[in-house]
Amino acid sequence: MMRKIYFVLVLCISSTFSFAQKINKIINAKEVEKIEKVLAADDMHGRKTFSADIDRAANFIAGEFAKSKLQYFNGSNSYLQPFEMIKAKPVLIEGLLDDEALNENNVAAISTSEEININGLQGFDIITVKPGDDFPKKVFPVFDLNKNVVVLVDTSFAKRFKSMQRFAGNAKFKSEVSQIFILTKNSNPSKINLHIKNELTLQHLQNVVGVLPGKSKKEEYVVFSGHYDHLGIGKPDARGDSIFNGANDDAAGTTAVIMLAKYFSKLKDNERTLVFVAFTAEEIGGFGSRYFSKQLNPDQVSAMFNIEMIGTESKWGPNSAYITGFEKSDFGKILQSNLTGSQFHFEPDPYPSQNLFYRSDNATLAELGVPAHTISTSKMDNEPNYHKQSDEISTLNMKNMAEIIKAIAISSHTIVAGTQTPTRVQKAL
Ligand SMILES: [Zn+2]
């Protein structure tokens, strides 16, 4: 008996020791910096969605996934997960709302159709935004309606309407329905006649996805993600710097995803299938994660670790990070308990009024019920380089970043092993 205990004890200690050695060898400040340096370099020109620069970043990430010998996702023949969006530019807007002339000044069409013809109000739902209404509350849900809608916006919202027109010019997923916004004093028209012609342009973009199949629970996924797009090039700041490097936002999260892929592919003991994703187009509306969420069954996703801005120290100092939407599932509690006895701690998001849970790539899968949370250290009330040209690699703490990535690796182990499953988040609809 004694001997057996002794043997088990020795085995335990030696395996813990070699495990610690192993993780430090794979995830450390030097390795983290190597990846960060490439993604946040000036020659990536800020990895703007729809630019050629971001495609170079995608190819680099794919190359790192290849080094980890990840498999392709969903029968693809590449780590790149390409998709398309459509940009519609109105070349003709003419019509009448009762006696009022309609034109490019008072009409904004959220649409991917080449041509829109409205004669009378049949087939269209009418929504009116009256003076004093809460504009976002009334209008934002309209975008999620899978219906043809005419929104009559009172002229007191002229400024809001201008931003709707700008928004209408952005790239969108192809849709069969259109939402037409009309700026008018008329909230009860008896007839409408509107003809719109759009010039359509296809825009190409891509996520990068790699897979480590599970040993036994192949059909259960654990997703590790970060977004690799950023803001591109803008006007020069006071230092004359015009490149938004996005070293922290979110080259840091992307680096974490690459490091975790390296780590788990060396470990090779995951019972659940691990999916590593670098999302595109987060900064312009989370389109990469929205597309990705439609390429799998969300019920099969046991958990999602989305990683955003972990390059600076959190408000609690080194060896700590926060988890958004902490109270929405027991994901955070599982991570915390797996770190018991370590010097690292995860905390609930300390900036609840900022709605961070809904502001990153975890949101789409979370709305579908997945315990999908974002892990971050960004001091959202005081992060001097956030969305600035000065978000450079020199402002990041590589050692702390490595500690966070290791903490994610270690704290996720029971979920990866399939012995613990976080409770589901309540579905949005
Ligand atoms: Zn970000």
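Residues numbered from 1 in each chain as written. Predicted model: local features only at pLDDT ≥ 70, side-chain atom pairs only at ≥ 80, totals over all residues. Heavy atoms only, no water.

**Q** What exactly am I supposed to notice about the coordination of the zinc ion here?
**A** In an ideal tetrahedron of four donors about a metal, each angle is 109.5 degrees. In an ideal octahedron of six donors, the angles are 90 or 180 degrees. Donor atoms from the polypeptide that coordinate the zinc ion comprise His-227 (NE2), Asp-249 (OD), Glu-308 (OE) and Glu-308 (OE), at 1.9 to 2.6 Å from the metal. What the four donor atoms of the zinc ion show is an angle range of 53 to 157° at the metal, which sorts the shape as irregular. Read N to C, the donor residues that coordinate the zinc ion are spaced as H-x21-D-x58-E. One end of the pair, His-227, is in strand E9 (residues 217-227); the other, Asp-249, is in helix H6 (residues 247-267), and 22 residues separate them in sequence. Like Asp-249, His-227 is buried. (Donors = N, O, S within 2.8 Å, 3.2 Å for Na, K, Ca; no water. Tetrahedral: all angles 85-135°; square planar, octahedral: opposite > 155°, others 65-115°. Helix = DSSP H or I, 4+ residues; strand = E, 2+ residues; numbered from the N terminus. Buried < 20%, exposed > 50% of the residue type's maximum accessible area, 1.4 Å probe, protein only.)

**Q** I would appreciate a short explanation of the nonpolar core in the present structure.
**A** Residues Phe-65, Phe-224, Phe-264, Phe-276, Phe-305 and Phe-346 are the most contacted members of the largest nonpolar core, which totals 61 residues. Considering each element in turn, this core owes the most residues, 11 residues, to H6. For Phe-346, the residues in contact, after removing those within four places along its chain, are Ala-321, Ile-323, Leu-335, Gln-336, Leu-339, Ile-375, Ala-407, Ile-408 and Ser-411. Core analysis: the second largest hydrophobic core is formed by 18 residues, Val-209, Phe-279, Val-301 and Phe-357 among them. (Core = buried A, V, L, I, M, F, W, Y, C linked by side-chain atoms within 4.5 Å. Contact = heavy atoms within 4.5 Å.)

**Q** I'm lost on the environment of Leu-70 in this one. Help?
**A** Secondary-structure assignment places Leu-70 in the loop between helix H3 (52-67) and strand E1 (80-97). By relative accessible area, Leu-70 is classed as buried at 5%. For Leu-70 and Val-222, which are 152 residues apart along the polypeptide, the C-alpha to C-alpha distance reads 14 Å. Beyond its immediate sequence surroundings of up to four residues, Leu-70 is in contact with Phe-65, Tyr-79, Gly-210, Val-211, Leu-212, Ala-261 and Phe-276.

**Q** Please explain the packing of helix H2 (residues 29-39) against helix H10 (residues 398-411) as it appears in this structure.
**A** Between two packed helices, both the angle of their axes relative to each other and the distance between the axes serve to describe the pair. Running from amino to carboxyl end, H2 crosses H10 at an angle of 100°, the nearest separation of the two axes being 8 Å. Looking at the two axes, H2 sits roughly perpendicular to H10. Each of Ala-29, Val-32, Glu-33 and Glu-36 in H2 lies in contact with H10, whose residues at this interface are Met-398, Lys-399, Met-401, Ala-402 and Ile-405. Here the residues of the contact of H2 with H10 sort into six nonpolar, no polar and three charged. (Axes fitted to C-alpha atoms, helices over the stretch in contact; angles between N-to-C directions. Parallel < 35°, antiparallel > 145°, perpendicular 65-115°, else oblique. Nonpolar A, V, L, I, M, F, W, Y, C, P; charged D, E, K, R; others polar.)

**Q** Teacher, can you tell me more about the packing of aromatic side chains here?
**A** Aromatic ring pairs are reported here in terms of the distance separating the ring centres and the angle at which the planes meet. Enumeration over the complete set of coordinates arrives at 19 aromatic pairs. With 4.7 Å between their ring centres and 55° between their planes, Phe-305 and Phe-331 make a pair best called tilted. With Phe-305 in strand E13 (residues 301-307) and Phe-331 in helix H8 (residues 331-338), this residue pair connects regions lying 26 residues apart in the sequence. The burial state of Phe-305 is the same as that of Phe-331; both residues are buried. (Phe/Tyr/Trp six-rings, centres within 6.5 Å; stacked < 30°, edge-to-face > 60°.)

**Q** Looking at this model, I keep getting lost on the pairing of E1. Mind explaining?
**A** In terms of strand pairing, E1 meets strand E8 (residues 192-212) through 17 bridges, oriented antiparallel. Bridge pairing in E8 links Ala-88 to Leu-200. Sheet topology note: the E1/strand E2 (residues 100-102) ladder contains three bridges and is antiparallel. Looking at E2, one finds that Gly-95 is bridged to Leu-102. Once E1 ends, the chain turns through two residues before running back antiparallel as E2, passing Asp-98 with a positive phi of about 50°. (Pairing = 2+ DSSP bridges.)

**Q** What am I meant to see in a positive patch on the surface here?
**A** A cluster of basic residues, Lys-22, Lys-25, Lys-69, Lys-266 and Lys-268, forms a positive patch on the protein surface. Within the secondary structure, Lys-22 sits in helix H1 (residues 2-26). When its relative accessible area of 38% is taken as the criterion, Lys-22 is described as partly exposed. (Patch = residues over 30% accessible without salt bridge, like charges linked within 9 Å, V, L, I, M, F, W, Y side chains within 5 Å. Areas by Shrake-Rupley, 256 points an atom, 1.4 Å probe, with all protein chains shown as cover. Salt bridge = Lys/Arg side-chain N within 4 Å of Asp/Glu carboxyl O. Lys, Arg positive; Asp, Glu negative; His and termini not counted. Charge placed at Lys NZ, Arg CZ, Asp CG, Glu CD.)

**Q** Just checking my understanding: could you explain the environment of Ile-26 for this structure?
**A** As for its placement among the helices and strands, Ile-26 is situated in helix H1. A relative accessible area of 10% places Ile-26 in the buried class. Along the primary structure Ile-26 and Lys-406 are separated by 380 residues, whereas in three dimensions their C-alpha atoms are 9.4 Å apart. For Ile-26, the residues in contact, after removing those within four places along its chain, are Glu-31, Met-259, Lys-262, Tyr-263 and Lys-266.

**Q** In this structure, what is going on with H10? I would like to understand it.
**A** The α-helix winds at 3.6 residues per turn, so residues separated by three or four positions along the chain end up facing the same way. Under the 1.5 Å per step criterion, the end-to-end length of H10 is 20 Å for 14 residues, consistent within 8% with the ideal 20 Å. Within H10, 11 of the 14 residues are buried, leaving the element largely enclosed by the surrounding structure. The set of residues buried in H10 consists of Met-398, Asn-400, Met-401, Ala-402, Ile-404, Ile-405, Lys-406, Ala-407, Ile-408, Ala-409 and Ser-411. Its side-chain oxygen at 3.2 Å from the backbone nitrogen of Lys-399, Asn-397 defines the N-terminal cap of H10. (Expected span 1.5 Å × (residues − 1). Polar contact = N/O pair within 3.5 Å; in protein donor to acceptor, adjacent residues only side chain to side chain.)

**Q** I tried to follow the confidence of the model for the chain on my own but got confused; where do I start?
**A** Confidence in the prediction of the chain, expressed as mean pLDDT, is 93, and 95% of residues score 70 or more. Contacts from residues 1-13, a stretch scored under 50 in pLDDT, to residues over four places away or in other chains number zero contacts. (pLDDT = per-residue confidence, 0-100.)

**Q** Whenever I open this one, the sheet that holds strand E5 (residues 125-129) confuses me. Can you help?
**A** Pairing between the strands of a sheet comes from backbone hydrogen bonds, and it takes one of two forms, parallel or antiparallel. Spatial strand order, E3-E7-E6-E5: four strands in an open sheet with mixed pairing. In the strand order of this sheet, the two ends are held by strand E3 (107-110) and E5, each with one partner. Across this sheet, the average inter-strand angle for adjacent strands is 20°, counted without regard to direction.

**Q** Quick question: what am I supposed to make of H3 here?
**A** Here H3 is 16 residues long and its end C-alpha atoms lie 23 Å apart, about the 22 Å a rise of 1.5 Å per residue gives. Those residues of H3 lying buried are Asp-53, Ile-54, Ala-57, Ala-58, Phe-60, Ile-61, Ala-62, Glu-64 and Phe-65. Two residues or fewer past H3, Lys-69 is found with a positive phi of approximately 55°.

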